[in-house]
2 protein chains.
Amino acid sequence: MRIGQEICRRVDELAAISEDPNCLTRIFLSPEQKRASDLVISWMRGAGMTASTDAIGNVVGRYEGVVPGLPALTVGSHLDTVRDAGRYDGMLGVVTAIACVEALNRDGRRLDFAIEIIGFSDEEGVRFGTTMLGSKAAAGTFDFSVLDRVDAQGITMDKALREFGLDPAEIASAARSRDGILAYVEFHIEQGPVLEAQGLPVGCVTSISGATRYEVEITGQAGHAGTVPMAVRQDALAAAAACVLAIESRCAAEDGLVGTVGRMEIGPGAINVIPGLVRFTIDIRAPDDRQRRRAATDVTRQIGQITAKRGVTAMIQKIHDMEAAPCAPWLMEQIDRAIDAEGLQPFRLPSGAGHDGMAMIDVADIGMIFLRCVGGISHNPAEAIAVSDAEVGAQVLLRFIRDFQQRASL
Amino acid sequence: MRIGQEICRRVDELAAISEDPNCLTRIFLSPEQKRASDLVISWMRGAGMTASTDAIGNVVGRYEGVVPGLPALTVGSHLDTVRDAGRYDGMLGVVTAIACVEALNRDGRRLDFAIEIIGFSDEEGVRFGTTMLGSKAAAGTFDFSVLDRVDAQGITMDKALREFGLDPAEIASAARSRDGILAYVEFHIEQGPVLEAQGLPVGCVTSISGATRYEVEITGQAGHAGTVPMAVRQDALAAAAACVLAIESRCAAEDGLVGTVGRMEIGPGAINVIPGLVRFTIDIRAPDDRQRRRAATDVTRQIGQITAKRGVTAMIQKIHDMEAAPCAPWLMEQIDRAIDAEGLQPFRLPSGAGHDGMAMIDVADIGMIFLRCVGGISHNPAEAIAVSDAEVGAQVLLRFIRDFQQRASL
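Residues numbered from 1 in each chain as written. Chains lettered and ligands numbered in written order. Predicted model: local features only at pLDDT ≥ 70, side-chain atom pairs only at ≥ 80, totals over all residues. Heavy atoms only, no water.

Asker: Please explain the pattern of salt bridges as it appears in this structure.
Answerer: Residues and elements named next belong to chain A. Taken as a whole, this structure holds 62 salt bridges over all chains when the rule is applied. Across the pair Asp54 and Arg176 runs a salt bridge, and its minimum N-O distance is 3.8 Å. Residue Asp54 is located in the loop between strand E1 (50-53) and strand E2 (59-63), and its partner Arg176 is located in the loop between helix H5 (157-164) and strand E5 (181-189); the two are separated by 122 residues in the primary sequence. By relative accessible area, which is 13% here, Asp54 ends up buried. Classification of Arg176 by relative accessible area gives buried; the value is 16%. The shortest N-O distance in the salt bridge between Arg127 and Asp151 comes to 2.9 Å. Taken together, the residues span a long stretch of sequence, with Arg127 in the loop between strand E4 (114-120) and helix H4 (133-139) and Asp151 in the loop between H4 and H5 at a distance of 24 residues. With respect to class, Arg127 is no different from Asp151; both count as buried. Look at the salt bridges and you will find they share partners, linking Glu6, Arg9, Arg10, Glu13 and Glu102 into a network. (Salt bridge = Lys/Arg side-chain N within 4 Å of Asp/Glu carboxyl O. Helix = DSSP H or I, 4+ residues; strand = E, 2+ residues; numbered from the N terminus. Buried < 20%, exposed > 50% of the residue type's maximum accessible area, 1.4 Å probe, protein only.)

Asker: I keep staring at helix H2 (residues 31-46) of chain A and nothing clicks. Help me out?
Answerer: Since the α-helix packs 3.6 residues into each turn, any two residues three or four apart lie on the same face. Residue and element names in this part refer to chain A. Along its 16 residues, H2 runs 23 Å from first to last C-alpha, staying within 8% of the 22 Å computed at 1.5 Å per residue. Listing the buried residues of H2 in full gives Glu32, Gln33, Ala36, Ser37, Leu39, Val40, Ile41, Trp43 and Met44. On the buried face of H2, the contacting elements are helix H1 (2-15), E1, E2, helix H3 (91-106), E4 and H5. Positive phi shows up at Gly48, right after H2, with a value of about 85°. (Expected span 1.5 Å × (residues − 1). Contact = heavy atoms within 4.5 Å.)

Asker: Before we go on, may I ask you to explain the pairing of E1 of chain A in this structure?
Answerer: Regular strands place their side chains on alternate faces of the sheet. With 4 bridges connecting them, E1 of chain A and E2 of chain A associate as antiparallel partners. Within E2 of chain A, the position partnered with Ala51 of chain A by the bridge is Gly61 of chain A. (Pairing = 2+ DSSP bridges.)

Asker: Teacher, can you tell me more about the nonpolar core here?
Answerer: One broad trend across soluble globular proteins is that nonpolar side chains are buried collectively. Of all hydrophobic cores here, the largest spans 92 residues; its most connected members are Leu14, Ile115, Phe400 and Ile401 of chain B. Counting residues per element, this core draws most heavily on helix H3 (residues 91-106) of chain B, which supplies 11 residues. Among residues more than four places away in sequence, those in contact with Phe400 of chain B are Leu73, Val185, Leu331, Gln334, Ile335 and Ala338 of chain B. Residues Ile3, Ala85, Ile339 and Leu371 of chain A belong to the second largest nonpolar core, which totals 91 residues. (Core = buried A, V, L, I, M, F, W, Y, C linked by side-chain atoms within 4.5 Å.)

Asker: Help me out: how do you make sense of the packing of helix H7 (residues 236-252) of chain B against helix H8 (residues 289-309) of chain B in this one?
Answerer: Two quantities define a packed helix pair, namely the angle between the helix axes and the distance between the axes. Residues and elements named next belong to chain B. Interaxial distance between H7 and H8 falls to 10 Å at its minimum, and their mutual angle equals 155°. Relative to H8, the element H7 is oriented roughly antiparallel. The two elements H7 and H8 cross, and the hand of that crossing is right-handed. Contacts between H7 and H8 involve Ala239, Ala242, Cys243, Ala246, Ile247 and Arg250 from the first element and Arg294, Ala295, Asp298, Val299, Gln302, Ile303 and Ile306 from the second. Residues that form the contact of H7 with H8 fall into these classes: 9 nonpolar, 1 polar and 3 charged. (Axes fitted to C-alpha atoms, helices over the stretch in contact; angles between N-to-C directions. Parallel < 35°, antiparallel > 145°, perpendicular 65-115°, else oblique. Left-handed = near helix turned anticlockwise from the far one by under 90°. Nonpolar A, V, L, I, M, F, W, Y, C, P; charged D, E, K, R; others polar.)

Asker: Quick question: what am I supposed to make of unusual backbone geometry here?
Answerer: When glycine is set aside, most residues are seen to have a negative phi, and most peptide bonds are trans. Following Gly267 of chain A, the chain continues into Pro268 of chain A via a peptide bond in cis, with omega recorded as 0°. Along the polypeptide, Pro268 of chain A turns up in the loop between strand E10 (264-267) and strand E11 (273-274). In this structure, Met132 of chain B is a non-glycine residue whose phi angle is positive, near 60°. The phi dihedral of His379 of chain B is positive, around 50°, even though this residue is not glycine. Taking relative accessible area as the criterion, His379 of chain B reaches 34% and is therefore assigned partly exposed.

Asker: How do you make sense of the domain arrangement of chain A when you look at a structure like this?
Answerer: When the parts come together, some accessible area is lost, and that loss is often what is quoted as the size of the interface. Residues and elements named next belong to chain A. For chain A, the domain assignment lists domain 1 (3-209 + 324-409) and domain 2 (210-322). The straight-line distance from the C-alpha centre of domain 1 to that of domain 2 is 36 Å. Between domain 1 and domain 2, the residue contacts involve 9 residues of the former and 9 residues of the latter. Of the roughly 600 Å² buried between domain 1 and domain 2 on both sides combined, carbon and sulfur atoms contribute 58%. When residues of domain 1 are sorted by the area they lose upon contact with domain 2, Ser209, Ala324 and Met358 head the list and together hold 62% of the total. On the surface where domain 1 and domain 2 come into contact, there are 0 salt bridges. Taken together, the connections running from domain 1 to domain 2 amount to 5 residue pairs in polar contact (both at pLDDT 80 or more). Considered class by class, the residues forming the side of domain 1 that touches domain 2 number 5 nonpolar, 4 polar and no charged. (Domains from an automatic or database assignment. Buried area = accessible area lost by both parts, 1.4 Å probe. Polar contact = N/O pair within 3.5 Å; in protein donor to acceptor, adjacent residues only side chain to side chain.)

Asker: Is there a simple way to think about the relation of the copies chain A and chain B in this case?
Answerer: Both copies of the chain are related through a single rotation about an axis accompanied by a shift along the same axis. Of the transformation placing chain A onto chain B, the axial shift is 0.1 Å and the rotation is 180°, giving an RMSD of 0.1 Å. What the superposition gives is, in effect, a two-fold axis relating one chain to the other. Looking at the rotation axis and the C-alpha trace of chain A, the residue lying nearest is Ala241 of chain A, at 2.1 Å. Comparing contact sets, 100% of the residues at the interface of chain A also lie at the interface in chain B, consistent with an isologous, same-surface contact. (Least-squares fit on C-alpha atoms with pLDDT ≥ 70 in both.)

This is the structure in structure tokens:
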């Protein structure tokens, strides 16, 4: 339990670095990012790594292999948080990776590849509303048009970078070369209830689900709740309710697929008025892109049928479409083997949440290890893990790293 | 068309008396109520009536019968409005009744009963959130505890009455005696689409529907829209959607019955979060109280079943329960006869909206004549009627009054 305890202690230490003393909030290019980066760099150096921040503010540590300059197995996660965050989302992966290198370093062990640990500076996208800025820069896919985006205080990303001490013109230098990365592997809490339900501390991720999002506006006819007979109503909420159930039913029909109506606004919204206007969102995710597209097509067709039958109209607008990031089979096999070697049942599951691997897949094959979290709760101060799981997770990651076989050598 | 035109002209004149120059808003005990009352009193006097305001601010006009002091056929509606109101809701009934008495007076005709016209000072309840203050006072059922209620400016009803020049202690004097009223009859726009769909200008109301209202709170489990498999979700919105459809389906199964979910709030309300909490309202109305109670019982039982099956919880709170006010068969027959005598098809329909008859039923048998309105639209500046319908409606009401047979003489 020594490693698990040390990991949790460090996570707590990081969680204390927050712009709000009452809860954990640490956003991109904040003074708190700088303090957290300094702390992580000190841990990296203590683990025998060279460490510094790159041009987008990522913390990058490197543990050389048997000879300096070998291609690296890159292990990473993010150091930024949502507002009023949990303390494990992101940070746990960075801290656990450092603990693994520390163990290797303690044994004086060098591998036939380097280990690179990246603590990404932005994954959540809280400050500028655009996610994975750190991993996109590392993958060489940073979209420079976002430099003009402003935060809630009207500060552009360009200016925020400069005030942080970074030069926007240098961001391209954060890009890793494909030759230098053997694989990208991320260790992360599951943020869902599947491992807990399975009674397993860790699992191997098959794919980071792609997502399609829609905004739907249903227009019916508002009317007096007492005077309009049921048969002639054009009730926008009743139509929306039928859509919600159709989405739920369609997405429950296939493993891995999920569909959510998370937001809904009803107008005019009075107890004695038939709703004439309803707006709602749809979020459909699946580990397989074709599966997601089929579901999205079916759902939008069903909305069309439901609203036509009810004499109301629907406007459906696609507002987001992101492809899945499938994990590489050769990495999944090695993750399964590491789990098995630690005496645990290998178990595979998709990731419905987005992760830095979605960006890193553009520069390397990706793999992910999920750690069980309590109640599947995340993005919430109640986010929690067992210390014993932190220990087991670190042992699995360490085993994976020690036994890692480069693809070329397979 | 002369009477119809004059009625519409007077409705327009009343509609110009508003606290807001851009729309019609005339609330209880306002300076605008006083101006509107004075105008109505002048029309009443011009029609050969004595007229004044009573202790609750109702305008009361009296046209004596063949001898002074006979019991009265009371015809009334209200002179207050909702905010941003239509101009016919309430006012049309008062103005049309005056036009009928004017016609009798022009012919020098006296009936073997008096005619009393009441323009109620408060039916909508906008100012103090409690409805039918005028008709309740007239019916002798005024609840004196409401005098402590405050309006949006913190002014108590007691103070507002005094500032208007009324003495709260005198309100009981506004109560009519049962002996003095032969019947209460109201002429009102339908506020619904039924007559328009039937192609009929007028209809005879069978009952003013009773209403039961609930507030429902469904508690599920919020969660990440990507990470929680469909099978283990406790989605409060999906459960609420099933409830909305159950309410719609149950209430569509019987004529006259209506059920509406008009308000719904979803929490936490983010595109990527499964809703954990939904609050919504239910409004169930029916012309028959047993029919309404059966529907309410079925609906609440179904909500219990739906939520139990989905592993979420429902709290259901009854917040309103008002009995139906059935129209008297002997009055409905006379209304049908008047409609028929004017060469129109008699047609009966319930009133889903509340009216002063719900209060007046405590002091007299009630009857109602509905006039077709455009598109069923009401409580809206777009509220409209055809001038020709105003004419036809006035002829029907006049015929009803002229031919009115007292119950005792039937």
